[in-house]
Amino acid sequence: MATQLSTAYKRSQNVKILQRCFRSISLGVNWKEHKTPNEAAIHQQGPQHSKSSLQLLSYRKYHATTKQEILPLIAVGVGVIGVYSFKALRRMDTEWDEYQENLREYNLEHGIQDDNDKDSNAHSDDTTTTTSTKAAKRQNTTFNKANTFRGGTLGIDLGTLNVRIAHKPSNADSKPSVIANREGKRATSNHILFETDGSFVTGQLASAKKYERSLSSNPVVNPGQMLRDSEDGTDPAIRNLMIQQVISACAKDALEQAIGRKNITSENLFSIDSSNGYNVQPVFVYPPKTGSNNDEILDEYKEALKNLSVPDSIAAFVAEPLCAVYGAKFHSLLPSDAPGPVMVIDVGASATSMSIVEGNHLNYHSQLSGFGGESLVEALMNYLSKTFYKQNYADVSDKLAVQRMYDAAKDAVLEISSGSKQNLGRVQINIPYLSMDEKMKPRHLDLGVSSKVLEAEFKDLVAKEIVPKFAMKQDVLSQSAQSPSDLSSLFASMIMQVMEKTGQSPFALN
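What about the nonpolar core?
Item 1. Judged by nonpolar contacts, the single largest core of 44 residues is most densely connected at L154, F270, F284 and L305.
Item 2. Excluding anything up to four places from it in sequence, F284 contacts I156, I247, F270, L305, L308, A315, A316, F317 and V318.
Item 3. Counting 27 residues, the second-largest nonpolar core is a separate cluster that includes F388, A401, V402 and V413.

Description of the pairing of strand β2 (residues 162–168)
Item 1. Across six bridges, strand β1 (residues 153–158) lies against β2 in antiparallel orientation. Of the residues in β2, the one forming a bridge with D157 is R164.
Item 2. The turn linking β1 back onto β2 is made up of three residues.
Item 3. Note that β2 and strand β4 (residues 188–189) share two bridges and pair antiparallel. By the bridge assignment, N162 is partnered in β4 with S189.
Item 4. Bridge count between β2 and strand β3 (residues 177–178): two bridges; the pairing is antiparallel.

Some points on the packing of aromatic side chains
Item 1. Scanning all chains against the criterion turns up nine aromatic pairs.
Item 2. A ring pair is formed by Y211 and Y393, whose centres lie 6.3 Å apart and whose planes are at 90°; its orientation type is edge-to-face. Taken together, the residues Y211 in the loop between α9 (204–207) and α10 (223–228) and Y393 in the loop between α14 (374–388) and α15 (399–417) connect sequence positions 182 residues apart. Each member of the pair Y211 and Y393 is classed as buried.
Item 3. Ring geometry for F371 and F491: centres 6.2 Å apart, planes at 65°, overall edge-to-face. Of this pair, F371 sits in the loop between β13 (361–369) and α14 while F491 is found in helix α17 (residues 487–502), placing the two residues 120 residues apart along the sequence.
Item 4. An aromatic cluster is defined as three or more aromatic residues linked by ring pairs; in this entry it consists of Y211, Y393 and Y406.
Item 5. Directly above the ring of Y84 sits K87, whose terminal nitrogen or CZ lies 5.8 Å from the centroid.
Item 6. The ring of F388 has R443 lying over it, and the distance from NZ or CZ to the ring centre is 4.2 Å.

Considering the packing of α14 against α15
Item 1. Relative orientation of the contacting elements α14 and α15 amounts to 125°, with a least axis distance of 9 Å. If you check the angle between α14 and α15, you find them oblique. As for the relative orientation of α14 and α15, their crossing is right-handed in sense. Here E374, L376, V377, L380, M381, L384 and S385 of α14 lie close against α15, whose contacting residues are V402, M405, Y406, A409, K410, A412 and V413.

Some words on the pattern of salt bridges
Between side chains of opposite charge, pairing is possible as soon as their charged atoms come close.
Item 1. Counted according to the given criterion, the structure contains nine salt bridges.
Item 2. Salt bridges linked by common partners bring R182, D253 and E256 together as one network.

Describing unusual backbone geometry
Item 1. In the segment running from V310 into P311, the intervening peptide bond is cis, with an omega of -10°.
Item 2. One can find P311 in the loop between β9 (309–310) and β10 (316–319).
Item 3. The phi angle at K390 is positive, at roughly 65°, despite the residue not being glycine.
Item 4. Along the chain, K390 turns up in the loop between α14 and α15.
Item 5. Taking the relative accessible area as the measure of exposure, K390 reaches 68% and is therefore exposed.
Item 6. The residue M440 is not glycine, and still its phi comes out positive at about 60°.
Item 7. Position of M440 relative to the elements: it lies in the loop between β14 (426–436) and β15 (442–450).
Item 8. What makes M440 exposed here is its relative accessible area of 60%.

What counts, and where the lines are drawn
Residues numbered from 1 in each chain as written. Predicted model: local features only at pLDDT ≥ 70, side-chain atom pairs only at ≥ 80, totals over all residues. Heavy atoms only, no water. Core = buried A, V, L, I, M, F, W, Y, C linked by side-chain atoms within 4.5 Å. Buried < 20%, exposed > 50% of the residue type's maximum accessible area, 1.4 Å probe, protein only. Contact = heavy atoms within 4.5 Å. Pairing = 2+ DSSP bridges. Helix = DSSP H or I, 4+ residues; strand = E, 2+ residues; numbered from the N terminus. Phe/Tyr/Trp six-rings, centres within 6.5 Å; stacked < 30°, edge-to-face > 60°. Lys NZ or Arg CZ within 6 Å of the ring centre and 35° of its normal. Axes fitted to C-alpha atoms, helices over the stretch in contact; angles between N-to-C directions. Parallel < 35°, antiparallel > 145°, perpendicular 65-115°, else oblique. Left-handed = near helix turned anticlockwise from the far one by under 90°. Salt bridge = Lys/Arg side-chain N within 4 Å of Asp/Glu carboxyl O.

Spelled out as structure tokens, the structure:
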């Protein structure tokens, strides 16, 4: 019986030792290295030592890492986490302050009442002094456009023929400057051409096919002229889309040159949030209609250009005559405190307007459509066509040849009007392989044109085309003056009509 009890006891001790051994292995402890001689001699001992041996096995503890080794690691981890957490909190506070400042400036610009102003009446008497101080501080705060639009201001003039863009940086001491396009020109053609596959081209690429595609199913169109023409029957949605494409192409090119390259994936071009577009405030120049109280054209411009800005309220719209006065005062061409009204005469590409501006208000505006800088190009085109084809350019069936004459005439007018001493008012126009004769031999146009020839052709165009076809059919000529026969009498009649409509004296104008 004693032998059986001794055997059972030894088995139980072996099981406990094995359990502790496996537990030690799971904790990363080598049993052979850590067991003591007393524990190794348990197998040798009998039942009389069972109590002390069980007590030893029960209270023996094993650890993978001592406290002296793990506590420094914990301290380093806590320190690193604390440093980075502190930096993150500081950065969050800075960004929050900037957001609050930008939000306050945005509310001031758009006339939105601040929540602190709404709740100012609910404060107790104990905080009256603090509230008054904050309110006085907000009253002294003015809208800082430089902080809101860090990219500055972009002025866009959507003319009848060209788009001109000027940029003013955000700092107060900066001056605005006209941005040249990729071709080095200060104006970009306001044309767009849609191909049959749905693609389109804008600018000079589209303008170069103006006459070539005039008889095709997909002609080159001028969305700026379509917007000004009240009788145009184009779907407003399609017209607005074309205007947005033309302006986006020009503005992206200008902004890349002014403030750096940036890829815009959305249809938005300007935005307060730089992630949705360029952080630049757009200022669009629009042509007012005849009269001073008609905002129909302004509403059409806002509707056509609203998708370019987020939110659309950041876009500003200024009438063309007001821009002319502001620019003249900025460049000291007109005294900043000039008394009395100002007459503005604007000779555009295909329209000439006269306006009366007094202060910041447009009192009167009239416009003669069909007469402008392009009239000089048309006069020279007629001269080239009559010399080469013996007929007007409008009657020439070869539209590609007409396009080449247009390009050559436009460059010649620019060179003659530049007043360069090198050309002495004369240019040589050379267009090779312009046509074929009856014997299928190529014909070349090589003709010299002087400023006197251009002036004579322009006078003839004014007398035979501009006055009877455009001026006489529009309310721009004085009823008390004779019918104009040349450019001087045309302008005199238009100025007299403005005086009669507004009741202004010529001596009171600037």
